Amino acid sequence: MKNISNLPRLPLGQYPTPFYKLESVSARYGRDVYIKRDDLCGVALGGNKVRKLEFLLAQAKIDGCDTVFTTGGPQSNHAALTAACAARLGMKAVLLLKRRGVTERRGNLILDELYGAEADLVDTDSYDEIYAEMRRRAAELETQGRKCCLIPLGGSTPLGAVGYVNCVREFTVQALAAGVRVGHIVSATGSGGTTAGLLLGARLFQPGAKVTGVAVSGDPFDRMVPELVKGAAALLECALAENPGDFEMVENVGAGYAVPNALDTPQILALARDEGILLDPVYTGKAYSKLCRMLEADSLSGDGAVVFVHTGGAAALFAMDLG
Ligand SMILES: Cc1ncc(COP(=O)(O)O)c(C=O)c1O
């Protein structure tokens, strides 16, 4: 197996992020619940995309790129963090965002502007059309001497997923130091790369731990996540036995992707008030609230501590109301 440290990576975030026990939550549910604060990764408002971008932009730099294209919804955390990281690296960011949901100048659309990105709303509901437009614009820029890289939705490629293998490696060291045995890892799933990285990371560094992805959209993650795991394992040249029992997808979509759900509001408020931690209504609020319901129903299998990976997303709190 290749050592992750030998893959090209730009140190964009401040790692390790904090890892600690949520005392109030653990007492409430009678189970040790820990949090991995990737919302505090030291870039902009933080979030999971930075770990992926450390690998994706390192490769882009090696390829000589000076311009980075990506996509998402108008309030995409991935697009905003790509813009922030690209700006730090002296690269131009072009964001082609689907015109749907909150398109007013709020939340991440304001941040995109702060980072100096070119953010354009595209009138389509199809990412295929957006990718076609990206390729067209990139080709045009390349005739003017620029070199472009295209990062897909959420940065969820096998290389992006390696960022979350790195996250498990990181909290494995923290858990060992704290004498914590990890039994279950839970996080939000939006395009699949984070969950895939967590799953491969668990197979490598936390054998026996289970990974639960909480889907916030209706995409077929049962198929997408294992495919990304395979791709990331190939990059790391590791041959791992499949273990279908260590992974499950559950859902908390509510009325739809990026539509806040009133069912989640009490949990979002409780974590803000009891622990001073901000969850957003699109990703982390849906994932955490589902986790609480599973803890309440005692339906999280496996023993050992539960680790909730906080993936960021706070900008949404400035773009939309809670449900
Ligand atoms: C705040 C936040 N949490 C979780 C996710 C989901 O991560 P992934 O796209 O890797 O599944 C995203 C990405 O879209 C996000 O912005």
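Residues numbered from 1 in each chain as written. Predicted model: local features only at pLDDT ≥ 70, side-chain atom pairs only at ≥ 80, totals over all residues. Heavy atoms only, no water.

Participant: Can you help me understand the overall build of the protein chain in this one?
Facilitator: Summing up its helical and strand segments, the protein chain has ten helices and ten strands in all. For 323 residues, the compact-globule estimate of 2.2 N^0.38 gives 20 Å, and the C-alpha radius of gyration of the protein chain, at 19 Å, lies within 12% of that figure. When the backbone C-alpha atoms are referred to their principal axes, the protein chain occupies close to 60 × 45 × 30 Å. By residue count, 56% of the 323 residues in the protein chain fall in the buried class. Excluding contacts between residues fewer than 6 apart, the proportion of contacts in the protein chain whose partners are at least 24 apart in sequence is 81%. (Helix = DSSP H or I, 4+ residues; strand = E, 2+ residues; numbered from the N terminus. Rg over C-alpha atoms; globule rule 2.2 N^0.38 Å. Buried < 20%, exposed > 50% of the residue type's maximum accessible area, 1.4 Å probe, protein only. Contact = heavy atoms within 4.5 Å.)

Participant: Looking at this structure, I do not really get the domain arrangement of the protein chain. What am I missing?
Facilitator: A common measure of how large an interface is: the accessible area buried when the components associate. Segmenting the protein chain into domains produces domain 1 (4-47 + 157-318) and domain 2 (49-155). Using C-alpha coordinates to define each centre, domain 1 is positioned 24 Å away from domain 2. Residues arginine 9 and glutamate 54 are paired through a salt bridge, measuring 2.5 Å at the closest nitrogen-oxygen approach. Seen at the junction of domain 1 and domain 2, the total is eleven residue pairs in polar contact (both at pLDDT 80 or more). The element best represented in the side of domain 1 that touches domain 2 is helix α6 (residues 158-178), accounting for eight residues. Its residues assigned to classes, the side of domain 1 that touches domain 2 shows 19 nonpolar, twelve polar and four charged. (Domains from an automatic or database assignment. Salt bridge = Lys/Arg side-chain N within 4 Å of Asp/Glu carboxyl O. Polar contact = N/O pair within 3.5 Å; in protein donor to acceptor, adjacent residues only side chain to side chain. Nonpolar A, V, L, I, M, F, W, Y, C, P; charged D, E, K, R; others polar.)

Participant: Hey, could you run me through empty space enclosed by the protein in this one?
Facilitator: Take a probe with the size of a water molecule and roll it over the atoms, and the empty space left behind shows itself. Per the counting criterion, the structure on display carries one cavity of 30 Å³ or more. By volume, the largest cavity amounts to about 70 Å³. Lining the largest cavity are Ala44, Leu45, Gly46, Asn77, Ala80, Leu81, Asn108, Leu111, Tyr115, Gly313, Ala314 and Ala315. The element that contributes the greatest number of residues to the lining of the largest cavity is helix α3 (residues 77-88), accounting for three residues. Class assignment for the residues of the lining of the largest cavity results in eight nonpolar, four polar and no charged. Looking at which domains feed residues into the lining of the largest cavity, each of domain 1 (4-47 + 157-318) and domain 2 (49-155) gives three or more. (1 Å grid on protein atoms, 1.4 Å probe; cavity = no way out; pocket = protein on both sides within 12 Å on 5 of 7 lines; lining within 4 Å. Points joined across faces, edges and corners; volume = space filled by probe spheres on them.)

Participant: Would you explain the sheet that holds strand β4 (residues 92-98) in this entry?
Facilitator: By definition, the strands of a sheet pair up through backbone hydrogen bonds, in either a parallel or an antiparallel sense. With parallel pairing, the four strands of this open sheet are ordered in space as β5-β4-β3-β6. Edge positions in the sheet fall to β5 (118-122) and β6 (148-150), since each has one partner strand and no second. Pairs of neighbouring strands in the sheet enclose a mean axial angle of 20°, with direction left out of account. Note: β4 against β5, five bridges, orientation parallel. Bridge pairing links lysine 98 to valine 122 in β5. Against the sheet, α3 engages β3 (67-72) and β4, with an angle of about 165° to β3. (Pairing = 2+ DSSP bridges. Axes fitted to C-alpha atoms, helices over the stretch in contact; angles between N-to-C directions.)

Participant: Before we go on, may I ask you to explain the packing of helix α9 (residues 265-275) against helix α10 (residues 284-296) in this structure?
Facilitator: Axes are the key here: two packed helices are described by the angle between their axes and the distance separating the axes. Contact geometry of α9 with α10 gives a least axis separation of 9 Å together with a crossing angle of 95°. With respect to α10, the element α9 is oriented roughly perpendicular. Along the contact surface, α9 presents Gln267, Ile268 and Leu271, while α10 presents Gly285, Tyr288, Ser289 and Cys292. Class assignment for the residues of the contact of α9 with α10 results in four nonpolar, three polar and no charged. (Parallel < 35°, antiparallel > 145°, perpendicular 65-115°, else oblique.)

Participant: Can you walk me through the environment of threonine 157 in this structure?
Facilitator: Inspection of the secondary structure assignment puts threonine 157 in the loop between β6 and α6. In sequence terms threonine 157 and alanine 196 are 39 residues apart; their C-alpha atoms lie 9.7 Å from each other. Setting aside residues up to four positions removed in sequence, threonine 157 forms contacts with Leu56, Pro152 and Leu228.

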